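Letter by letter, the chains look like this.
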Amino acid sequence: MSSFELDVLQGLKATPKYLPSKYFYDHKGDELFIKIMNSPEYYLTDCEFEILSEQAKDILSPFEGLEYFEIIELGAGNGKKTVELLRGLNTKKFTYKPVDISSNALELLSKRLKRELPQVRCEPEQGEYFKVLESLRGKHPKLVLFLGSNLGNMVDERAASFLGALSQVLNSGDRVLLGLDLIKSREIVLPAYNDKNGYTAAFNLNLLKRINKELLGDFQLDKFVHSPEYDEVSGLAKSYLTSTENQVVSLNKPGVQISFQKGERVFMEVSRKYNDQILKTLLTRTQLLIEERFLDSRKYFCDYLLARI
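All values derive from a computational prediction rather than experimental measurement.

Q: Give me the lowdown on the side chain of glutamate 70, citing residues and values where you can.
A: Position of glutamate 70 among the secondary structure elements: in strand β1 (residues 69-74). A polar contact is formed between the side chain of glutamate 70 and the side chain of lysine 97, at a distance of 3.1 Å. Beyond its immediate stretch of four places on either side in the chain, glutamate 70 contacts Thr95, Lys97, His140, Pro141, Lys142 and Leu143.

Here it is in structure tokens:
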């Protein structure tokens, strides 16, 4: 049985039900996520793009005097924002190593770099963050990019563990550029996860399509609705799929049936929002310290430069 089957079964048999968000990113999921990032409601992309394009020199200042260093990006995606950071660099001084779970995303990124920055040395690697952390070890100075508030897709305990594991594979003097969405009003945040074109809803429902295709499921997508919510106090934005009626779904490949009650929700993803104190709490058991903060003009988003002590 594949890890996909095992994880889906574990999630759908749990109480409450959930599906792992890492499986969003098949070919169709990648396409939909790009549409989400380019939608007018999804402010995160524009805010971080502004930071990286207008403050790149200050962000990269700790690496100015080095003969060579590596830029390693976790969850690189299509690299739209990262390309802005790379444009002004002396390409002989660094190698760019994008890491992503999606081979399709890495292929698109590699093609873009060849087209726009053909002089950049690019060494892509497919895999999950935790599985590639050990491969980060090495003698060369490093800047690790973890952008787009991807950390927010982890619950706090897992995020703290991730940052701790990351700090363990870095050397003193290495840096992490950590992009985080900041806590703000419901009127700003919630539309980012419920865009008027329905891309986010389709993105969530696409995972049911993938289950139908790969596990021979019979999910009827019109019997589930996308249900996002956001709490301004905790900073937690969550996405659910809600069953619109009592129903039974079969997964013929594993040979099981899953019952849903009307109104029952399947947890799909968390998208945490942060402030300085939340981040400092997550860094408590790491060897990473906040060195600098880079904000967009609206102060919606922050790229934190962390230093490994």
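Q: Before we move on, can you summarise the UniProt feature "domain: Histidine-specific methyltransferase SAM-dependent" (unreviewed entry) in the protein with the specific residues and values?
A: UniProt tags residues 5-307 as "domain: Histidine-specific methyltransferase SAM-dependent" (unreviewed entry). In the segment residues 5-307, helix accounts for 34% and strand for 25%; the C-alpha atoms at its two ends are 39 Å apart.

Q: Please set out helix α8 (residues 156-169) residue by residue, giving values where relevant.
A: If you check α8, its first and last C-alpha atoms are 20 Å apart, about what 14 residues at 1.5 Å a residue would give, namely 20 Å. Looking at α8, one finds that the buried residues are Ala159, Phe162, Leu163, Gly164, Leu166, Ser167 and Val169.

Q: Tell me what's going on with the pairing of β1, and back it up with residues and numbers.
A: When you tally the buried positions in β1, you get 6 out of 6 residues, the bulk of the element. Where burial is concerned, the two faces of β1 agree: the one with Phe69, Ile71 and Glu73 and the one with Glu70, Ile72 and Leu74 are both buried. Relative to strand β2 (residues 94-100), β1 runs parallel, the two sharing 6 bridges. Looking across to β2, one finds that glutamate 73 is bridged to proline 98. Between the parallel elements β1 and β2, the chain passes through helix α5 (residues 80-86) in a crossover that is right-handed.

Q: Summarise the pattern of salt bridges; cite the residues concerned and give the values.
A: With the rule as written, the count across this model stands at 22 salt bridges. Residues lysine 17 and glutamate 264 are paired through a salt bridge, measuring 2.6 Å at the closest nitrogen-oxygen approach. Here lysine 17, found in the loop between α1 (3-13) and α2 (27-37), pairs with glutamate 264, found in the loop between β9 (256-260) and β10 (265-272); they are 247 residues apart in sequence, far enough to count as distant. Judged by relative accessible area, glutamate 264 falls into the partly exposed class, the value being 22%. A salt bridge links glutamate 123 to lysine 97, with the shortest nitrogen-to-oxygen separation between them at 3.9 Å. One end of the pair, glutamate 123, is in the loop between α6 (103-116) and β3 (125-126); the other, lysine 97, is in strand β2, with 26 residues separating them in the sequence. On the basis of relative accessible area, lysine 97 is assigned to the partly exposed category, the value being 23%.

Calculation rules
- Residues numbered from 1 in each chain as written.
- Predicted model: local features only at pLDDT ≥ 70, side-chain atom pairs only at ≥ 80, totals over all residues.
- Heavy atoms only, no water.
- Helix = DSSP H or I, 4+ residues; strand = E, 2+ residues; numbered from the N terminus.
- Polar contact = N/O pair within 3.5 Å; in protein donor to acceptor, adjacent residues only side chain to side chain.
- Contact = heavy atoms within 4.5 Å.
- UniProt positions renumbered as here; feature names shortened; annotations may be inferred.
- Expected span 1.5 Å × (residues − 1).
- Buried < 20%, exposed > 50% of the residue type's maximum accessible area, 1.4 Å probe, protein only.
- Pairing = 2+ DSSP bridges.
- Right-handed = clockwise from strand over helix to strand, strands pointing away.
- Salt bridge = Lys/Arg side-chain N within 4 Å of Asp/Glu carboxyl O.

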